[in-house]
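For reference, the chains in residue letters:
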Amino acid sequence: MGLKASLVVLSLLLALALASASAKQDPELKQCRHQCKVQQQFSEEQQRQCEQRCEDYYLQKQERKREEGREEEKGGGDDRKQLKECQKQCERRQQKGRSREGCQQRCVEAYGRKGEDQPRNRRGKEDQEKERGREWVNDRYEEEEEEEGGESEGREESDNPYVFDREHFKAIVETEHGRVSVLPKFTKRSKLLRGIENFRLALLEAEPNTFEVPSHWDTDAVLFIVEGRGTITLVRQNKRQSINIEEGDIVRVEAGTPVYMINRDQNQKLIIAQLLRPVNLPSQFEAFYGTGGQNPESFYTAFSWEVLEAALKTDRNKLERLFGQQQQGAIVKASREQIEALSGHEEGGRWPFGGGESHGSKGSRSFNLFNKHPSHANQHGQLYIADRDDFKELEDMDVMISFANITQGSMIGPYYNSRATKISFVTEGEGYLEMGCPHLSSSRSKHSRHQKQQGGGGGGRTYQKVRAQLRRGTAFIVPAGHPVAAIASKNSNLQIACFEVNAENNVRYPLAGKRNIIDLMEREAKELAFNFPSRDVDRIFKSQDEEFFFAGPEEWQEQEKGYADE
Amino acid sequence: MGLKASLVVLSLLLALALASASAKQDPELKQCRHQCKVQQQFSEEQQRQCEQRCEDYYLQKQERKREEGREEEKGGGDDRKQLKECQKQCERRQQKGRSREGCQQRCVEAYGRKGEDQPRNRRGKEDQEKERGREWVNDRYEEEEEEEGGESEGREESDNPYVFDREHFKAIVETEHGRVSVLPKFTKRSKLLRGIENFRLALLEAEPNTFEVPSHWDTDAVLFIVEGRGTITLVRQNKRQSINIEEGDIVRVEAGTPVYMINRDQNQKLIIAQLLRPVNLPSQFEAFYGTGGQNPESFYTAFSWEVLEAALKTDRNKLERLFGQQQQGAIVKASREQIEALSGHEEGGRWPFGGGESHGSKGSRSFNLFNKHPSHANQHGQLYIADRDDFKELEDMDVMISFANITQGSMIGPYYNSRATKISFVTEGEGYLEMGCPHLSSSRSKHSRHQKQQGGGGGGRTYQKVRAQLRRGTAFIVPAGHPVAAIASKNSNLQIACFEVNAENNVRYPLAGKRNIIDLMEREAKELAFNFPSRDVDRIFKSQDEEFFFAGPEEWQEQEKGYADE
Amino acid sequence: MGLKASLVVLSLLLALALASASAKQDPELKQCRHQCKVQQQFSEEQQRQCEQRCEDYYLQKQERKREEGREEEKGGGDDRKQLKECQKQCERRQQKGRSREGCQQRCVEAYGRKGEDQPRNRRGKEDQEKERGREWVNDRYEEEEEEEGGESEGREESDNPYVFDREHFKAIVETEHGRVSVLPKFTKRSKLLRGIENFRLALLEAEPNTFEVPSHWDTDAVLFIVEGRGTITLVRQNKRQSINIEEGDIVRVEAGTPVYMINRDQNQKLIIAQLLRPVNLPSQFEAFYGTGGQNPESFYTAFSWEVLEAALKTDRNKLERLFGQQQQGAIVKASREQIEALSGHEEGGRWPFGGGESHGSKGSRSFNLFNKHPSHANQHGQLYIADRDDFKELEDMDVMISFANITQGSMIGPYYNSRATKISFVTEGEGYLEMGCPHLSSSRSKHSRHQKQQGGGGGGRTYQKVRAQLRRGTAFIVPAGHPVAAIASKNSNLQIACFEVNAENNVRYPLAGKRNIIDLMEREAKELAFNFPSRDVDRIFKSQDEEFFFAGPEEWQEQEKGYADE
């Protein structure tokens, strides 16, 4: 009851918080406020906050409109102006408690551009190494390498096999206007990841006003829109479907479907995280460009001219001209008019109170994660989850998508997933991760296996601590059963998007706070298990009365000084 | 509308065309003609053609009956006579525009027999090598080999990993009267085929009037009857089921089912293509012969005599006698009386107008592909497809079966399958194949990976052209997403049977002709993608107004001279 | 009809036989007798036997109660007394025709303890080697080894890859009070087992009055209670479920579920066979102990103190104390009071006449195999089977469980499973196994592959005989399609529990006795297949009129002298 009520409150607030603002008499605003009033469980204070959120949202919307108008007048404007605009937006964000650093960084990336990224990452690596110390897993994983044909060269050496920095993403498409990058296949990293060897994680980043040329891939894909506004077009038998996408949208693209997209924003990058499951080969995929010419090369040119002439009833000269023009690569600049024409025209009002029920309905191919009430939410963070019940298209890949927004200075967990493996991607903010890994421990100890086995009678395993810095762009894996916690820095919320594979019947078991697994055991079980008076066990496991999201460590800022801010 | 009507016409014609003839007042003939008349969409010319087909069919049927009668009088006849008879049939075929070469070849194989095959194939190989030239994929795939236990010896070295000649099929059963041969496991060929590593392709060829002795296999199987007339008997718990089979029939045999079969034709070989999916090991299977003696060895003899005596309540002497008699191998000659007795007796009139609806119904275990209307058909060819909706037994293996009959001088494609991988087998005729293979390209370029990656910004991949001669007995693989076209020689139709694995939700995307994927894109998308005026793009992609099957290249015969005719 | 009737009789008798006894006017006894009377198909003799079984059961129940009472008075008693008591029980068992040896052995193991096991196994190995002779598979399997990362060292060398002795089980948990042991991953043994590489077989043995501390595992599990009486507790979201378990119970534990259990018997070991299917890695799993301290190490300690302090809102000192107490390992001694408190309290009368219908109902997590009528039963043995229809929880793992009780001097089979692979475990008695293995033969003959292929025309394969001694604790694998028979010694029943994987649509094909596969073939098929008059074939395959279980070989005892008794 009480719980459900407060969840409703929170989810109202939080759905709004994702796009917050402040203003007067727009119909959307009106409806938003109305919704605040009819929530009977709201206290007066809650109602006030709710309305405030409505106003914030409205304000932001207005602002965006005004800017878009201005942009259109200018016809695009030069980079310096756009940079300024972008930085202003960041300041507004900061006022609302969201991280400014990442935002500013992106402004520079987008309009000051290039050459900045590399050194930053390098610095990060050094800090990380210094910071790591005694507790960190830091030996090499070479002995875990799977020997696969010609793949053995170029082994990755990594501190722990579960965390990937931005630099691990390798570009498979890269032009002046954007790039598609992908993590190496997981088994190349470590045999411990062979449970997810059929999956790959990719990242699309496209500059404003760009077009990604049509292609089909021999891989199933689930796309999660991390940032920006675009339109994705899928060509199916006999028909074409254009879907407008924005932050939080989930799109399923079936293997082999011709697809193209635009970044229709004039300022913001379009960033899309993609979970891929190749259909021909367990972990390899290729893009097939039908259109194009020399770059990207069109697959039409793989046919002999005789066959093409017959198939297209067109003579060779014309064909050679057609397939010789495109030289700019797979992501190209588009004019405002082209962008307009390629934008989907049934944008379908997505609104905080829309709920998760309708978008995932049959036939539809996109769903916004933030339309759902968060499954867990309190002042320390919110967790949004979309599974096959929300969006039927996730079913055949057995994937669930979740998004955690961890309030600055707070943390999520410790908890574990009973059977799903999380493939996570930090979309915003900074923090760190702690995880207990018995497999890591057992594979590391192979050298001294015999001592191990002779050693004492218990579970026999120790848990290797994995601790890793998280920042925008970090990817990490949390295998099933592994206890994990993620802690946001004191300066910014930490936002993490997760693809959870092997999702069916997964259960999230909390290890602290309300309904933690220890709390549910009998008195005698606790006593025998801990060899400690059950009253004392209870005192400890009943102290925390929040659920899932908690206040983070007090000492964190001191201890990790110079690390969150780099 | 118009389309559907013309498809009906075509499918009527074509279903008939598969077994054509010419004559008077048989009830079957009567019904056939009647069907021609009631098709309202038919023009007079079409009606005339339709009736002609009915007559052709009837004629052939009569002829066959007469021959069977003659054969029975002779009590089998000697090989020379049969060879002559066979060659006569070929001439009749040729008059109807079907290839004579393949047919004559088969006559020699059947009645002139042995020792001819080897040199012919070798010649083929040489021609192929000469013909291949600059465009062909011709380096070795050793570096792709999967190292698997003792399997590493005897590596296949192949031009491209997707095409298999007749000589690649290795005999696992071979007697005077027939043989069962199988392609090596696909991963032995190339790692690029590991997506289908759980499947094997086998081929049964049995002489007329033969019996394949009972056995069960530790593999699921789908059988496609390429040629001939037989009866297959499945032993299930408590009951036995005999199914008469003929060209176009599909039979599902579950792993472990005891099965035996006869070739009940007196002249024609029985040829069956089999897709196997082993249940014990990813790509290995074995036959288990319960009956038999020393050759095939009965598995009963794997038990000690003590156990057999107790189990069968029979003393050792008798058992030794029983299990010592069979020495002729797994395919033996049967008398006319035995053949008669073993033939199924509920042949169930299969008739061109029967439609695909009833045969696949629950409990039934065979279905004729040609009972269905072709899914695509025009004067350049026809495509027949059977999926799980037609024949429920295909569901658990996620397999679809298709058969393309490409008119001489015509071609199928270019097109691609969105998620299915085709395992194809040429059942008749000659021609060639073109396919664009980015995986091939990327795995080949591993040696120079770094150059590749630094190289320009596009998709990054080039498409390796695969081009291969096709002739009766060639097998080839088309992975999902790969653009492919197959071209029939000017002299004979090219007929290809395909097992398509990973069939669920597969979509065939045409790359030329009606409804091709380029045509479905917006004007702006074409413009941006090709960097070319959209009007010119349209002119090219709208020129071809056929669908799926097209007239082949004009220059083909000249250019490939001496190749189609060998 | 007649068959069904006699099956009812048998199953009544046999269900009772599993827990037999003799006495007067207890309500349970009354009902049991009543059930005997109302079975209309019973002859007078059968009725008498039925009632006798009821009385036996009752007697045993009384005895047990009395002993438990005595035990409680003594407060546990010393080992010597318990050993005597245990041995007395064995003698009573022997009077009822069950094996005494195994029982006595267990008494020594339980109360005389340790150091006895090793030499016994070694002796067995030697006997085995002597006995093996010419027919046995005895060369090494090194060439079959899969090269996997650091796993290649410590290769198993085995006579045949399908049989595992007790010593192959390696301890992963071992304390003074019990142990959990597991077979090495199957592919480490032989590549021929890679079809079941995702499964592992484990064995829990816990002393009387013990507690196995809470843990969750990254593996799905099916538990079969081999012996003893315990309580297993599963923690699910928000609730806890305690299930009392006894011989024949099947429990499904989903991956990640926190679980703990007790052996609540004061005399008998609790022995549980477990089929595991890891969820993170194909054949590796780990235990995760949340409770515990230093041994087993709690995974809580993998988190930093800062994070734990924040999550549990408790200061570090208290936490260090909590997680430092447990030093006794994962299986600890519990007091009578603790055992009482941890016992499930809804024991739910399980009674021979309960039938198999209700226990597997939705929500329930245990099912007793012996509540079902045996699927096959005669004086030579009984076969009990539980599949997904009986116990829905088996469905997602596609597992079936069977239990064969082979009467002393009798045998099961020869037969084969059409698609399931059996992972079997001998729970009681002695005997031997015979199996025909063509895969074994083909992999062994790799060295001389070329001769093989040139060699004669038949199936091409020979069947490698596998013959192996079976005794309590032996595990063995029977792949799909492989003909197998198991023979009980003359001195004791042979009892085998089997997990059958790949169970859906599996068919058991008998190779002898009623409805054997040869019998179902046409006359002509037999004639052609055996090259032998069909009348003589029939005479042999119709001699045996029992079904599935038969009288064993007469000569067995002589021939194998000194072996069954060691």
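Rules behind the numbers
- Residues numbered from 1 in each chain as written.
- Chains lettered and ligands numbered in written order.
- Predicted model: local features only at pLDDT ≥ 70, side-chain atom pairs only at ≥ 80, totals over all residues.
- Heavy atoms only, no water.
- Helix = DSSP H or I, 4+ residues; strand = E, 2+ residues; numbered from the N terminus.
- Buried < 20%, exposed > 50% of the residue type's maximum accessible area, 1.4 Å probe, protein only.
- Contact = heavy atoms within 4.5 Å.
- Areas by Shrake-Rupley, 256 points an atom, 1.4 Å probe, with all protein chains shown as cover.
- Least-squares fit on C-alpha atoms with pLDDT ≥ 70 in both.
- Axes fitted to C-alpha atoms, helices over the stretch in contact; angles between N-to-C directions.
- Parallel < 35°, antiparallel > 145°, perpendicular 65-115°, else oblique.
- Nonpolar A, V, L, I, M, F, W, Y, C, P; charged D, E, K, R; others polar.
- Buried area = accessible area lost by both parts, 1.4 Å probe.
- Salt bridge = Lys/Arg side-chain N within 4 Å of Asp/Glu carboxyl O.
- Polar contact = N/O pair within 3.5 Å; in protein donor to acceptor, adjacent residues only side chain to side chain.
- Phe/Tyr/Trp six-rings, centres within 6.5 Å; stacked < 30°, edge-to-face > 60°.
- Lys NZ or Arg CZ within 6 Å of the ring centre and 35° of its normal.
- Disulfide = S-S within 2.5 Å.
- pLDDT = per-residue confidence, 0-100.
- UniProt positions renumbered as here; feature names shortened; annotations may be inferred.
- Pairing = 2+ DSSP bridges.
- Domains from an automatic or database assignment.
- Core = buried A, V, L, I, M, F, W, Y, C linked by side-chain atoms within 4.5 Å.

In the nomenclature of an unreviewed UniProt entry, chain A corresponds to Cupin type-1 domain-containing protein from the organism Eucalyptus grandis.

Draft legend 1. Region of interest: the overall build of chain A. Helix and strand counts for chain A come out as 15 helices and 26 strands. Of all 566 residues assigned to chain A, the portion counted as buried reaches 64%. Contacts spanning at least 24 positions in sequence make up 77% of the contacts within chain A whose residues lie at least 6 apart. Of the roughly 21700 Å² of accessible surface on chain A, 43% is carried by carbon and sulfur atoms.

Draft legend 2. Structural context of the relation of the copies chain B and chain A. Aligned on chain A, chain B shows an RMSD of 0.1 Å; the corresponding rotation is 120° and the shift along the axis is 0.1 Å. Here the symmetry operator amounts to a three-fold rotation axis.

Draft legend 3. A look at the packing of helix H13 (residues 523–530) of chain B against helix H14 (residues 534–541) of chain B. All names here are of chain B. One can describe the packing of H13 onto H14 by two numbers: an axis separation of 8 Å at closest approach and a directional angle of 95°. Between H13 and H14, the angle falls in the class roughly perpendicular. From H13, Arg523, Lys526, Glu527 and Phe530 reach across to H14, where they touch Ser534, Val537, Asp538 and Phe541. Residues belonging to the contact of H13 with H14 are distributed by class as follows: three nonpolar, one polar and four charged.

Draft legend 4. Looking closely at the interface of chain B and chain C. Taken together, the contact pairs 79 residues of chain B with 72 residues of chain C. Summed over both partners, the interface of chain B with chain C buries about 6300 Å², with 56% contributed by carbon and sulfur atoms. When the buried surface of chain B facing chain C is broken down by residue, B:Glu286, B:Phe303 and B:Leu322 rank first, second and third, together holding 10% of it. Our enumeration of links across chain B and chain C arrives at four salt bridges. When the shortest N-O distance is used, the salt bridge between B:Glu254 and C:Arg419 registers 2.8 Å. Where chain B touches chain C, the interface holds 24 residue pairs in polar contact (both at pLDDT 80 or more). Looking at which element gives the most residues to the side of chain B that touches chain C, the answer is helix H8 (residues 305–312) of chain B, with six residues. A per-class count over the side of chain B that touches chain C returns 33 nonpolar, 26 polar and 20 charged.

Draft legend 5. Examining the packing of aromatic side chains more closely. Applying the stated criterion across every chain, the model contains 54 aromatic pairs over all chains. Through a chain of ring-to-ring contacts, the aromatic side chains of A:Phe288, A:Phe299, A:Tyr300, A:Phe323, B:Tyr463, B:Phe530 and B:Phe541 assemble into a single cluster. Its end group placed over the ring of C:Phe164, C:Arg189 keeps NZ or CZ at 4.2 Å from the ring centre.

Draft legend 6. Focus on the state of the cysteines. Residues and elements named next belong to chain B. For the structure on display, the rule yields zero disulfides over all chains. With no disulfide of its own, Cys437 lies closest to Cys498 among cysteine sulfurs, the gap being 15 Å. Exposure remark for Cys437: the relative accessible area of 0% places this residue in the buried category.

Draft legend 7. Fine view of the confidence of the model for chain A. Residue and element names in this part refer to chain A. Mean pLDDT for chain A: 76, with 63% of residues reaching 70 or above. Below pLDDT 50 for its whole length, residues 107–158 participates in 113 contacts with residues either more than four positions away or in separate chains. In this model residues 444–459 is a low-confidence stretch, pLDDT under 50, and it forms 32 contacts with partners more than four residues away in sequence or in other chains. If you check the scores for this complex, the pTM reads 0.76 and the ipTM reads 0.73.

Draft legend 8. Local environment of the UniProt feature "domain: Cupin type-1" (unreviewed entry) in chain A. In the numbering used here, UniProt assigns the "domain: Cupin type-1" (unreviewed entry) feature to residues 161–320 and 367–538 of chain A. Spanning residues 161–320 of chain A, this segment combines 11% helix with 46% strand, and its end C-alpha atoms are found 48 Å apart.

Draft legend 9. Examining the pairing of strand E21 (residues 464–471) of chain B more closely. Residue and element names in this part refer to chain B. Across the eight residues that make up E21, a large majority, seven, are buried. The sheet contact formed by strand E20 (residues 430–437) and E21 spans eight bridges and is antiparallel. Each residue of the ladder has a partner; that of Cys437, found in E21, is Gln464.

Draft legend 10. Region of interest: the sheet that holds strand E16 (residues 381–386) of chain B. Residues and elements named next belong to chain B. Strands sit in the order E1-E22-E19-E24-E17-E16-E15 across an open sheet of seven strands; the sheet is antiparallel. The open sheet has two edge strands, strand E1 (163–164) and strand E15 (376–378), and neither has a second partner. Here strand E17 (residues 399–406) pairs with strand E24 (residues 494–501) via eight bridges, running antiparallel. Each bridged residue has a counterpart across the sheet, and for Val399 the counterpart in E24 is Val501.

Draft legend 11. Representation of the pattern of salt bridges within the structure. All names here are of chain A. For the structure shown, the criterion picks out 87 salt bridges over all chains. One salt bridge in this structure joins Asp390 and Lys372, with 2.8 Å as the shortest N-O distance. You can see Asp390 sitting in the loop between strand E16 (381–386) and strand E17 (399–406) and its partner Lys372 sitting in the loop between strand E14 (366–368) and strand E15 (376–378), a full 18 residues away along the chain. Looking at Asp390, the relative accessible area reads 12%, which means it is buried.

Draft legend 12. Examining the sheet that holds strand E14 (residues 366–368) of chain C more closely. Residues and elements named next belong to chain C. In space, the seven strands of this open sheet follow the order E2-E3-E4-E11-E6-E9-E14, with antiparallel pairing throughout. The two strands at the open ends of the sheet, each matched to only one other strand, are strand E2 (170–175) and E14. The sheet shows a mean angle of 20° between the axes of neighbouring strands, direction not considered. Judged from the five bridges that link them, E2 and strand E3 (residues 178–182) form a sheet pairing that is antiparallel. Bridging from a neighbouring strand, Lys170 pairs with Val182 of E3.

Draft legend 13. Summary view of the environment of C:Glu205. Within the secondary structure, C:Glu205 is located in strand E4 (residues 200–206). Dropping the residues within four chain positions of it, C:Glu205 is found in contact with C:Arg166, C:Gly178, C:Arg179, C:Ser181, C:Lys269, C:Leu270 and C:Ile271.

Draft legend 14. Focus on the domain arrangement of chain A. Residue and element names in this part refer to chain A. You can read the domains of chain A as domain 1 (26–71 + 84–113 + 131–147), domain 2 (162–289 + 330–367) and domain 3 (372–439 + 462–510). The interface is formed by 34 residues belonging to domain 2 together with 34 residues belonging to domain 3. Taking both partners together, domain 2 and domain 3 bury about 3000 Å²; carbon and sulfur atoms supply 75% of that area. Three residues stand out in domain 2 for area buried against domain 3, namely Tyr162, Phe224 and Arg252, and they jointly supply 22% of the buried area on that side. Applying the counting criterion to the domain 2 and domain 3 interface returns two salt bridges.

Draft legend 15. Representation of the pairing of strand E18 (residues 410–417) of chain B within the structure. All names here are of chain B. Of all eight residues that make up E18, eight are buried, and the element is covered over most of its length. As judged from the three bridges shared by E18 and strand E26 (residues 549–551), these two strands associate in the antiparallel manner. What sits directly across from Ile412, in E26, is Phe549. As paired strands, E18 and strand E23 (residues 484–488) are joined by three bridges and run antiparallel to one another.

Draft legend 16. Fine view of unusual backbone geometry. In this model, A:Asn295 is joined to A:Pro296 through a cis peptide bond whose omega is -5°. As for its placement among the helices and strands, A:Pro296 is situated in the loop between strand E12 (287–288) and helix H8 (305–312). Phi at A:Asn209 takes a positive value of approximately 55°, unusual for a residue other than glycine. Along the chain, A:Asn209 falls in the loop between strand E4 (200–206) and strand E5 (210–217). Backbone geometry at C:Asn531 places phi at a positive 55°, although glycine is not the residue there. Note that C:Asn531 resides in the loop between helix H13 (523–530) and helix H14 (534–541).

Draft legend 17. Spatial organisation of the nonpolar core. In this structure, B:Phe211, B:Ile232 and C:Phe541 are the most contacted members of the largest nonpolar core, which totals 72 residues. Sequence-distant contacts of C:Phe541, that is, excluding residues within four places in its chain, are made with B:Tyr300, B:Leu312, B:Leu322, B:Phe323, C:Leu511, C:Asn516, C:Ile518, C:Asp519 and C:Phe530.

Draft legend 18. Structural detail: the interface of chain B and chain A. Counting residues at the interface gives 72 residues for chain B, matched by 79 residues for chain A. Carbon and sulfur atoms make up 56% of the surface buried where chain B meets chain A, a total of about 6300 Å² over both sides. At the boundary of chain B with chain A, the tally comes to four salt bridges. Two residues, A:Asp220 and B:Arg419, come together in a salt bridge whose shortest N-O distance is 2.5 Å. Applying the counting rule to chain B against chain A returns 24 residue pairs in polar contact (both at pLDDT 80 or more). When residues in the side of chain B that touches chain A are grouped by element, the largest group, six residues, is from H13(B). Residue composition of the side of chain B that touches chain A, by class: 32 nonpolar, 22 polar and 18 charged.

Draft legend 19. Layout of H8(B). Residue and element names in this part refer to chain B. Of all eight residues in H8, seven are buried, a share of seventy percent or more. Where H8 is concerned, the buried positions are Trp305, Glu306, Val307, Leu308, Ala310, Ala311 and Leu312. Just past H8, the residue Lys313 takes up positive phi, approximately 50°.

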